[in-house]
Amino acid sequence: SPDGRLACVTSGGADEGAGIDVPALLATIREYPETDRVELLPNHLGVSDRFTKGRIPVGRNPRGLLFASDGRLAYVANALDDTVSVIDPYAMTTVATISLGGPREVSQLRFGERLFHSAEITYGRQFSCRSCHPDGHLNGLTFDIEADGIGMSPVDNRTLRGIFDTAPFKWEGTNPSLHRQCGPRFAVFFTRLAPYDKNQLDALVRYMCTIEASSNPYRMPEGLSPSQRRGKVVFERTTMNDGTPLGLDQQCASCHRGAHRTNRRKANVGSTMWFDAAAEVTPDELFKADEYGELGTYLFIDAGLPTRGFDVAHLRGMYDSAPYLHNGGANTLEEIWTRFNMTNRHGETSDLTREQLNDLVAYLKSL
């Protein structure tokens, strides 16, 4: 507000606006030491009652808010309603709703977009699909889904941009369709409420299939750069630098082929790490990279323990989808091979020069 005593915040998933008493907020923060401000308060949901004046229902997916110049009213832009809500942030009421002349009939695509951004399907209305996939992309986090036990088999979040026609889904490659991916399983492990009904699920999948990849800043209109062209040669090579033939399972283009650079199958590339499967060894030992490899990747190969196969990920938009590998172990594209491919199960890369590796990364960023 103009006097700085009231702040208004929109919640796009819950379709609400909230009024925040700024002096009360600052007083609450000052009661805690610096460490608690960083580690405790952001996750202590109950503390908000001390400075939240109230919540105001508005339109669908409010994404912007502006106070009037006199500070008496505020205007909320509802992105998926084609409306503007006029609210009185002091009385915690909606004064009026201004229509922006949107279509009267809600198409299946628009319905799916609303579901994607809505928290109505989740327990406590605390998050929506968009929370993990902002603008259809990713939030760069790795998630530990509870089905296999806490701390086991964390999985890297994957972008939804260009996901259409890249089945199967999940890192294990066990879901043959987006309907299966977003159906009852999603309700059990994520939303904690009844799953989407058929019409909702059809609409949600329809919307997800229209999420397009953004313009690639590494792909110039005139084509590949000299470095990217050299990297393409490395990506498509069938022999090592000394002329030794490479088997199909050692060639990048064998698994990563076609328009999406995926053969839609599972592959075992030796990336199993100590938290991906049970192994009788203490975790502190598995951080000894010389003996066990980075995060224990050597252990399963050297000891003959079962390793896991994972979905061959499509490579479109790789420049903007870090971290990498099934569990987000690789922070950069380079680390896929410099840290986690010492046994050459993820393509034969031991003979690549530094320049060749740089060129390969440059090419992958252009996809």
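Our subject is the structure listed above.
Described below are features of the structure shown in this document. (Residues numbered from 1 in each chain as written. Predicted model: local features only at pLDDT ≥ 70, side-chain atom pairs only at ≥ 80, totals over all residues. Heavy atoms only, no water.)

### Regarding the side chain of Ser128
- Its place among the elements puts Ser128 in the loop between helix 3 (108–117) and helix 4 (129–132).
- Note on Ser128: relative accessible area 9%, which makes it buried.
- Those residues in contact with Ser128 that lie beyond four places of it in its chain are Phe116, His117, Ser118 and Ala119. (Helix = DSSP H or I, 4+ residues; strand = E, 2+ residues; numbered from the N terminus. Buried < 20%, exposed > 50% of the residue type's maximum accessible area, 1.4 Å probe, protein only. Contact = heavy atoms within 4.5 Å.)

### Considering helix 7 (residues 198–208)
- Every buried residue belonging to helix 7 is among Leu201, Ala203, Leu204, Val205, Tyr207 and Met208, and all of these are buried.
- Against helix 3 and helix 5 (178–181) lie the buried residues of helix 7.

### Section: the layout of surface pockets
- Space inside the second largest pocket adds up to approximately 760 Å³.
- Around the second largest pocket sit 25 residues that line it, and Ala18, Leu45, Ser48, Thr52 and Arg55 are the ones nearest its centre.
- A per-element tally of the lining of the second largest pocket places strand 2 (residues 16–21) first, with four residues.
- Of the residues in the lining of the second largest pocket, the class split is 11 nonpolar, nine polar and five charged. (1 Å grid on protein atoms, 1.4 Å probe; cavity = no way out; pocket = protein on both sides within 12 Å on 5 of 7 lines; lining within 4 Å. Points joined across faces, edges and corners; volume = space filled by probe spheres on them. Nonpolar A, V, L, I, M, F, W, Y, C, P; charged D, E, K, R; others polar.)

### Observations concerning the nonpolar core
- Counting residues in hydrophobic clusters, the biggest one holds 23 residues, and the most contacted among them are Phe235, Leu333, Ile336, Trp337, Leu360 and Leu364.
- Broken down by secondary-structure element, the contributors of at least two residues to this core are helix 8 (226–235), helix 12 (333–338) and helix 13 (354–365).
- In terms of residue count, the dominant contributor to this core is helix 13 (five residues).
- For Leu333, the contacting residues outside a window of four places in its chain are Met318, Tyr324, Val361, Leu364 and Lys365.
- If you look at the next biggest cluster of nonpolar residues, it comprises 18 residues, including Leu115, Cys129, Leu178 and Val205. (Core = buried A, V, L, I, M, F, W, Y, C linked by side-chain atoms within 4.5 Å.)

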